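Coordinate inspection notes
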Amino acid sequence: MARKPSSSSRNTAANRRSQSAGSGKPGTRKGRNPRAQKAADAKRDSRKLIDEYAKRDIVGIAFTVAAVVLFIAAVMRSGAIVTSFVSSALHLTLGIGAYILPLFLLAIGITFLIRFEAERVPTRVAVGLALVFVALLAVFALATPLPEGGDPAGILFNEHELTVRGGYIGAGIAWLGITLFGQVISMVIVIGVAVAGVCIIGFSISKLIEKIRESRAERRAEEGAGASFPFARIRRNSKRIDTADDEAPEVDSSAETRVIAAH
């Protein structure tokens, strides 16, 4: 008959398994030195064909190239099929924004190429510039003179007005705003959206107000100091004259009489 393993042998086997499991294999990350972990992560990233820096550089270069290409297509007339199609599509879709879009794309590309402490700076800049760009197109379209009581769609979506205003995007937003809120209120809302986009980029209105207040306080302090400076100067000069009179030596009259008698 086969012997059953005793309880002591079972315990020793379990202890060996637990010791071997907790001995610390190279694959486990518990208890590893942070420097060693960073070195391992860097080594792992170096094995990749494209790391994070290369990805950001590629995205930045792509935005820059797109900006240059779209600017050339918007400015220069060409007989090429693709270039002429892109040019007409830009002018009809964006209107004046066809000349502004390359500048915005170039700014986004530069943010990807520059190393910032915060990693989400390029994303914030892209979202903020997109809001500002769309708001500008809507402002251009809302600035279209419209007759009272007429249909705004017939004028907003005219081909000539599309190319010299905000294109189809601006005209669509302007038509919706005029239909729902009116031309003036829509203009105020769109300007508010543009300001919100600027704030998303990183421009703080409250900080600007604080700087203006500080500069005004400094100017007032300088003006007050400059106004009181002449009086302080007169007082200092008068004090110096008084001290000079007090410290002047007295003339001995007896010495003068002795000198005259000797002669």
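Structure shown above.
Reading guide: rules and limits
In this numbering scheme, every chain counts its residues from 1 along its sequence in written order. Local features in this predicted model are restricted to residues whose pLDDT is 70 or higher, and side-chain atom pairs enter the listing and the counts only when it is 80 or higher, whereas totals over whole chains, interfaces and linings include all residues. The side-chain figures draw on all heavy atoms in the structure; neither hydrogens nor water molecules are used. Two joining distances apply to patches: 9 Å for like charges and 5 Å for nonpolar side chains (Val, Leu, Ile, Met, Phe, Trp, Tyr), and every residue must have over 30% relative accessible area and no salt bridge. The Shrake-Rupley method, run with a 1.4 Å probe sphere, supplies the accessible areas, and residue values consider only the shown protein chains as cover. Criterion for a salt bridge: a side-chain nitrogen of Lys or Arg within 4 Å of a carboxyl oxygen of Asp or Glu. A positive count includes Lys and Arg, and a negative count includes Asp and Glu. His and the chain ends are not counted in either. A charge is said to be at NZ when it belongs to Lys, at CZ for Arg, at CG for Asp and at CD for Glu. Here a strand is any run of E in DSSP of at least two residues, a helix any run of H or I of at least four, and the numbering for each starts at the N terminus. Helices are assigned an expected span. That span is 1.5 Å times one less than the residue count. Each residue is placed in one exposure class: buried if its accessible area under a 1.4 Å probe, protein chains only, is under 20% of its type's maximum, exposed if it is over 50%, and partly exposed if it falls in between. Axis angles are defined between N-to-C directions and span 0 to 180 degrees, where every axis is a line fitted to C-alpha atoms and, for a helix, only to the segment in contact. Our angle categories are set so that under 35 degrees counts as roughly parallel, over 145 as roughly antiparallel, 65 to 115 as roughly perpendicular, and the remainder as oblique. Here, two residues are considered to be in contact whenever any of their heavy atoms come within 4.5 Å of each other. Any residue that is not Ala, Val, Leu, Ile, Met, Phe, Trp, Tyr, Cys, Pro, Asp, Glu, Lys or Arg is counted as polar, Gly included; the first ten are nonpolar and the last four charged. Among buried residues, the Ala, Val, Leu, Ile, Met, Phe, Trp, Tyr and Cys ones that are joined through side-chain atoms within 4.5 Å form a nonpolar core.

1. Observations concerning a negative patch on the surface
- Taken together, the side chains of E210, E214, E218, E222 and E223 define an acidic patch exposed on the protein surface.
- Mapped onto the elements, E214 comes out in helix 11 (residues 205-246).

2. What about the environment of L136?
- Along the polypeptide, L136 turns up in helix 6 (residues 121-142).
- In this structure, the C-alpha to C-alpha distance between L136 and G170, residues 34 residues apart in sequence, is 8.0 Å.

3. Points about helix 5 (residues 97-113)
- The terminal C-alpha atoms of helix 5 lie 24 Å apart, and with 17 residues this matches the ideal 24 Å at 1.5 Å per residue to within 8%.
- For helix 5, every residue scored as buried is listed here: G97, A98, I100, L101, P102, F104, L105, I108, G109, T111 and F112.

4. So, the packing of helix 4 (residues 81-94) against helix 5
- Where helix 4 contacts helix 5, the two axes come as close as 8 Å, and the packing angle between them is 100 degrees. Accordingly, the angle class assigned to the pair helix 4 and helix 5 is roughly perpendicular. Contacts between helix 4 and helix 5 involve L90, H91 and L94 from the first element and G97, A98, Y99 and L101 from the second.
- In the contact of helix 4 with helix 5, the residues fall into five nonpolar, two polar and no charged.

5. Some thoughts on the nonpolar core
- In terms of nonpolar packing, the biggest core is built from 18 residues, with L90, L94, L101, F104 and F133 touching the most fellow members.
- Listing elements by their share of this core, those giving two or more residues are helix 3 (52-75), helix 4, helix 5 and helix 6.
- Residue contacts for F104: discarding those within four places in its chain leaves L129, V132, F133 and L136.

6. Observations regarding the packing of helix 5 against helix 6
- The interhelical angle for the contact between helix 5 and helix 6, taken along N-to-C directions, is 170 degrees, at an axis separation of 9 Å. By the criterion of interaxial angle, the relationship of helix 5 to helix 6 is roughly antiparallel. Judged by residue contacts, G97, I100, L101, F104, A107, I108, T111 and F112 of helix 5 engage P122, V125, A126, L129, V132, F133, L136, L137 and F140 from helix 6.
- The residue makeup of the contact of helix 5 with helix 6, split by class, is 15 nonpolar, two polar and no charged.

In short, geometric facts, not functional conclusions.
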